[in-house]
Amino acid sequence: MAKHTRKPQTWLYPVPAVLVSCQHEGQANIITLAWAGIVCSSPVMVGLGIRPERHSYGIIKKSGEFVVNMPQASQVELVDHCGVVSGREHDKFAECGFTPLSGTMIKAPLIDECPVNLECQVRKILPLGTHDLFIGEVVLVHYDEELMVNGRFDLSAADPLAYGFSQYFRLGELIGRHGESVLRKR
C-alpha cells in the first residue's frame, strides 16, 4: 500500500480524554485534556500537556497539584463541556452536576462520578511550544470497588473514553493480554 506524508501533526491515537481537577485558594476548576498519559512506572508519573492561557494552567502551577479523573464514555457531553467553556466564567462542577470529593493526599478535589481518580503532585514543568508539560507524581489512586472482578480492574465495565482527530470514542473489547504472544509460543 502506498504511503503518503504530511507535516507533523497529532497523529498518536487514540489518547485518553480525562478530566483534570485542580484548586488553589478555594477556587476549583475542571479542564478536559487529551494530551495526557503515563510517563514513568516507578515512581508512577503522568504527563499533561496544557496551554499556558488555559485557566487551569495557573491554578495547577500555583497549587503544585491536580487530580486526573478518568470519565466514562457515557459522560462524553460533560467531558466536552468542560473542555469548551472556561472556568473563569463557569462553575463546571455545578453545571455538570459533578460531586467534588476531598483528596486524601492533596487539596484538589476528586470527581466522584468518575470511576478512577489519580491524586498527583507536580514534579516538573517543561515548556514545549504551544503547551507546557506538567509531570505529576501519582501519590494515590482511587477507584470504584464495583469495577474489580476476580481481583482485577475491569476496564470494560469502566467504559473508558478515548479521543482522536477531534472526536470522542468508546473503547471496545478485550482482544489480548500483555505477554500472551510469548506464552503461546512455548
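Residues numbered from 1 in each chain as written. Predicted model: local features only at pLDDT ≥ 70, side-chain atom pairs only at ≥ 80, totals over all residues. Heavy atoms only, no water.

1. Details of the nonpolar core
Then, number 1: The biggest cluster of nonpolar side chains holds 20 residues, and the ones touching the most others in it are Val20, Leu48, Ile50, Ile60, Phe66 and Val68.
Then, number 2: Of all the secondary structure elements, the ones that give two or more residues to this core are strand E2 (18–24), strand E3 (27–33), strand E5 (44–50), helix H1 (55–63), strand E6 (65–70), strand E9 (116–127) and strand E10 (132–143).
Then, number 3: Of the residues forming this core, the biggest block, four residues, is contributed by E9.
Then, number 4: Sequence-distant contacts of Val68, defined by excluding residues within four places in its chain, comprise Val18, Leu19, Val20, Val46, Leu48, Val116, Asn117, Leu118 and Cys120.
Then, number 5: Core analysis: the next-biggest nonpolar cluster, separate from the first, contains 15 residues, Ile30, Cys96, Phe98 and Cys114 among them. (Core = buried A, V, L, I, M, F, W, Y, C linked by side-chain atoms within 4.5 Å. Buried < 20%, exposed > 50% of the residue type's maximum accessible area, 1.4 Å probe, protein only. Helix = DSSP H or I, 4+ residues; strand = E, 2+ residues; numbered from the N terminus. Contact = heavy atoms within 4.5 Å.)

2. Looking at the pattern of salt bridges
When charged atoms on two side chains of opposite charge get close, those side chains can pair.
Then, number 1: Under the criterion given, the structure shown has two salt bridges.
Then, number 2: A salt bridge links Arg123 to Glu137, with the nearest nitrogen and oxygen atoms 2.8 Å apart. Of this pair, Arg123 sits in strand E9 while Glu137 sits in strand E10, and the two are 14 residues apart along the sequence.
Then, number 3: Overall, the relative accessible area of 44% leaves Arg123 in the partly exposed class.
Then, number 4: Here Arg170 makes a salt bridge to Asp159, at a shortest N to O gap of 2.6 Å. With Arg170 in strand E14 (residues 167–170) and Asp159 in the loop between helix H4 (155–158) and strand E13 (161–164), this pair connects stretches of sequence that are 11 residues apart. (Salt bridge = Lys/Arg side-chain N within 4 Å of Asp/Glu carboxyl O.)

3. A word on the packing of aromatic side chains
Then, number 1: This structure, assessed with the given rule, holds four aromatic pairs.
Then, number 2: A centroid spacing of 5.2 Å and a plane angle of 85° characterise the contact between Trp11 and Phe165, whose relative ring orientation is edge-to-face. Taken together, the positions of Trp11 in the segment before strand E1 (15–16) and Phe165 in the loop between E13 and E14 put the pair 154 residues apart, joining distant regions of the chain.
Then, number 3: Arranged with centres 5.2 Å apart and planes meeting at 85°, the rings of Tyr57 and Phe134 form a pair that is edge-to-face. Here Phe134 lies in strand E10 and Tyr57 lies in helix H1, a separation of 77 residues in the sequence.
Then, number 4: Tyr57 sits in the buried class, given a relative accessible area of 9%.
Then, number 5: Relative accessible area serves as the criterion here: at 0%, Phe134 is assigned to the buried category. (Phe/Tyr/Trp six-rings, centres within 6.5 Å; stacked < 30°, edge-to-face > 60°.)

From the geometry alone we can't say anything about function, so treat these as descriptive.
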